[in-house]
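Here's the letter readout for the chains.
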Amino acid sequence: MNFKDKIVYEIYPKSFKDSNNDGIGDLKGITSKLDYLKLLGINYIWITPFFVSPQNDNGYDVADYYHIDPIYGTMDDLDELIKESDNRNIGLMFDMVFNHTSTSHSWFQRALKGEQKYKDYYFFRKEPTNWQSKFGGSAWEYVEELNEYYLHLFDKTQADLNWENPNVRAELIKILNFWIDKGIKGFRFDVINLISKDAFEDDDIGVGKRFYTDGRKINQYLRGINQQSFEKYDDIITVGEMSSTTIENCNIYTNPDNHELNMTFNFHHLKVDYQNKEKWTTMPFDFRELKDIFNKWQLGMNDGWNALFWNCHDQPRSISRFGNVTKYHDESAKMLATAMHMQRGTPYIYQGEEIGMTNNYFTDIKQYRDVESINYYHILKNQGMSENKIHEILQAKSRDNARSPMQWNKNGGFSDNTPWIQMNSNCKNINVENNLNNPTLSSIIIKNL
Ligand code: GLC
Ligand code: CA
């Protein structure tokens, strides 16, 4: 299957299009916009998770991998979306969150009741290590009933799965095959290079990352799911999200001879505005470093393949970051698109990027919805940082910058109701309708490139 000439469009369903006016985007909303996506010229849609979930991390906390969360619709809505995408020759890629489940998942609930079989699906320990969660605070949560701690590299409601346990791997492969049989054409694997954990030691030089990033058995696990799942079908496209990885590892993950993944996302180019590698800081981006990183990954991924991107649901909007929104909005959007689409790799466009959607510039913590942003607001406040400085950082770094609703027309056009997160008021000028009526404005109408 050739994935090298394809273009993927990422949809964050909560913020894409609301079909029933409850303020939350949904599957029917996506179906209603397929003609627009076809016009863009994309080949695949990656939809971030819409499975049953308490939504503490907007669906990255999955409680049931086989069912659709009612806020997004029903299985019939999904069947319709699959059929209508198929009619337009667009494939659907699902987002598989296999590093952890929600603590509401029945496996975790049974573990909490003391069932050993399910405790072995997770990491329960008498003694925690000093590892930090990526969303702030300890990576271990204490459970009084069991007098034990469980591991969560993300929110405390996202418990890490134990891939060492063959039963866990078998469950996850079953889920993949269930969705492939339904007509899904690809998968994006969430933080997949963190799944191999077998050493639980205190980290005296860091926050624990080196004990689980690109872990010892990662290649074996990826080969395993490949062999027992997508390799049996010849038209499945796969991409892995790699946290703090290396080019050496990404070459291994995506070398076709290794039968692991088609391509990988890495984030090195999106840390060039981090002061001392710390996200919760502000700094003008380092252009030289950005160029060096692109150079390295363009020339160095000889055995494998890159997934190219500037934007996703976890990053502030690239145009606000690397462009000049006030003076050169359109030029900045086109410049960034050109710089990405001319590179070697498979490009991923994040919803709204094609019209140059910008950051939100929220001024009140009440406007934020993202668990990571809210946690860090409190962490920075406790460290004594001023309210103004915290807002300046959040305005530049918060993931909510990418999550405001898609701007369809001058009134927003996302929903007739109050959206779950505020619409950016610049929808008056920056919107899809405007771009479609003024083709020279469009930063990414791929067909016309
Ligand atoms: C990935 C997702 C992000 C999520 C995290 C935990 O980085 O893209 O949105 O919060 O994993 O699942
Ligand atoms: Ca809705």
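Please read these numbers as outputs of a predicted model, since none were measured by experiment.

Asks: Any details on the pairing of strand 2 (residues 44-47)? Residues and values, ideally.
Replies: Covered by surrounding structure in strand 2 are Tyr-44 and Trp-46 together with Ile-45 and Ile-47, the residues of both alternating faces. Judged from the four bridges that link them, strand 1 (residues 8-11) and strand 2 form a sheet pairing that is parallel. Within strand 2, the residue paired with Val-8 across the bridge is Tyr-44. As judged from the four bridges shared by strand 2 and strand 5 (residues 91-96), these two strands associate in the parallel manner. Following the sheet pairing, Ile-47 is matched in strand 5 by Phe-94.

Asks: So what's going on with the site of ligand 1? Which residues, and what values?
Replies: For ligand 1, the set of nearby residues contains 14 residues, the closest of which are Asp-57, Asp-190, Glu-241, His-313 and Asp-314. Residue Glu-241 places a side-chain N or O atom 2.9 Å away from an oxygen atom belonging to ligand 1. His-313 places a polar side-chain atom, nitrogen or oxygen, 2.8 Å from an oxygen atom of ligand 1. For ligand 1, whose unbound accessible area comes to 310 Å², protein coverage reaches 96%. Each residue belonging to the shell around ligand 1 can be placed in one class, and the counts come to four nonpolar, three polar and seven charged.

Asks: Quick rundown of the state of the cysteines? Include the residues and the values.
Replies: With the rule as written, the count across this model stands at zero disulfides. Residue Cys-312 stays outside any disulfide, its sulfur separated by 15 Å from that of Cys-250, the closest cysteine.

Asks: A description of the sheet that holds strand 14 (residues 307-308) should follow, citing residues and the corresponding values.
Replies: One open sheet accounts for eight strands, arranged 13-12-11-5-2-1-15-14; its pairing is parallel. Looking at strand neighbours, the two that pair on one side only are strand 13 (263-265) and strand 14, the edges of this open sheet. Here strand 11 (residues 186-189) pairs with strand 12 (residues 237-241) via four bridges, running parallel. Of the residues in strand 12, the one forming a bridge with Arg-188 is Val-239.

Asks: Tell me what's going on with the side chain of Asp-314, and back it up with residues and numbers.
Replies: Note that Asp-314 resides in the loop between strand 14 and helix 10 (318-322). At 3.3 Å, the side chain of Asp-314 forms a polar contact with the side chain of His-313. At a separation of 3.2 Å, a polar atom in the side chain of Asp-314 contacts the side chain of Arg-399. Residue contacts for Asp-314: discarding those within four places in its chain leaves Glu-241, Lys-279, Arg-399 and Arg-403.

Asks: I'd love a proper account of the pattern of salt bridges, names of residues and values included.
Replies: A full pass over the atoms with the stated rule returns 30 salt bridges. Across the salt bridge formed by Lys-126 and Glu-148, the nearest N and O atoms sit 4.0 Å from each other. With Lys-126 in the loop between strand 7 (124-125) and strand 8 (140-143) and Glu-148 in strand 9 (residues 148-151), this pair connects stretches of sequence that are 22 residues apart. Of the charged contacts in the structure, one is a salt bridge between Lys-334 and Asp-330, with a shortest N-O distance of 3.0 Å.

Asks: Before we move on, could you go through the coordination of the calcium ion (ligand 2) and cite the residues and values that matter?
Replies: For the calcium ion (ligand 2), the full set of protein donor atoms is Asp-18 (OD), Asn-20 (OD1), Asp-22 (OD), Ile-24 (O) and Asp-26 (OD), and the range of their distances to it is 2.2 to 2.3 Å. For the calcium ion (ligand 2), the donor residues sit on a single chain with the sequence spacing D-x1-N-x1-D-x1-I-x1-D. For the pair shown, Ile-24 and Asp-26 are each scored as buried.

About the thresholds
- Residue positions are counted from 1 within each chain, in the order its sequence is given.
- By the order in which they are written, chains take letters starting at A while ligands take numbers starting at 1.
- Side-chain atom pairs in this predicted model are given and counted only at pLDDT of 80 or more, local residue features only at pLDDT of at least 70, and totals for whole chains, interfaces and linings cover all residues.
- Water and hydrogen atoms play no part in the side-chain values, which are based on all heavy atoms of the structure.
- Here's how the labels work: a residue is buried when its accessible area is under 20% of the maximum for its type, exposed when over 50%, partly exposed in between, all with a 1.4 Å probe on protein chains only.
- Helix and strand assignments follow DSSP, with helices taken as H or I runs no shorter than four residues and strands as E runs no shorter than two, numbered in order from the N terminus.
- A pair of strands is labelled paired if DSSP reports no fewer than 2 bridges between them.
- One heavy atom within 4 Å of a molecule or strand makes the whole residue count as near it.
- Nitrogen and oxygen atoms within 3.5 Å of one another constitute a polar contact, given that in protein one can donate a hydrogen and the other can accept it, and given that sequence-neighbouring residues count only through two side-chain atoms.
- Accessible areas in this description were obtained via Shrake-Rupley with a 1.4 Å probe; residue shielding takes into account the shown protein chains only.
- Amino acids are sorted into nonpolar (Ala, Val, Leu, Ile, Met, Phe, Trp, Tyr, Cys and Pro), charged (Asp, Glu, Lys and Arg) and polar (every other residue, Gly among them).
- Only a pair of cysteine sulfur atoms within 2.5 Å qualifies as a disulfide here.
- In this description, contact between two residues means that some pair of their heavy atoms is separated by no more than 4.5 Å.
- The working definition used for a salt bridge is a side-chain nitrogen of Lys or Arg within 4 Å of a carboxyl oxygen of Asp or Glu.
- Atoms of type N, O and S within 2.8 Å of a metal are treated as its donors, and for Na, K and Ca the window is 3.2 Å; water is not considered, so some sites may appear to be missing partners.

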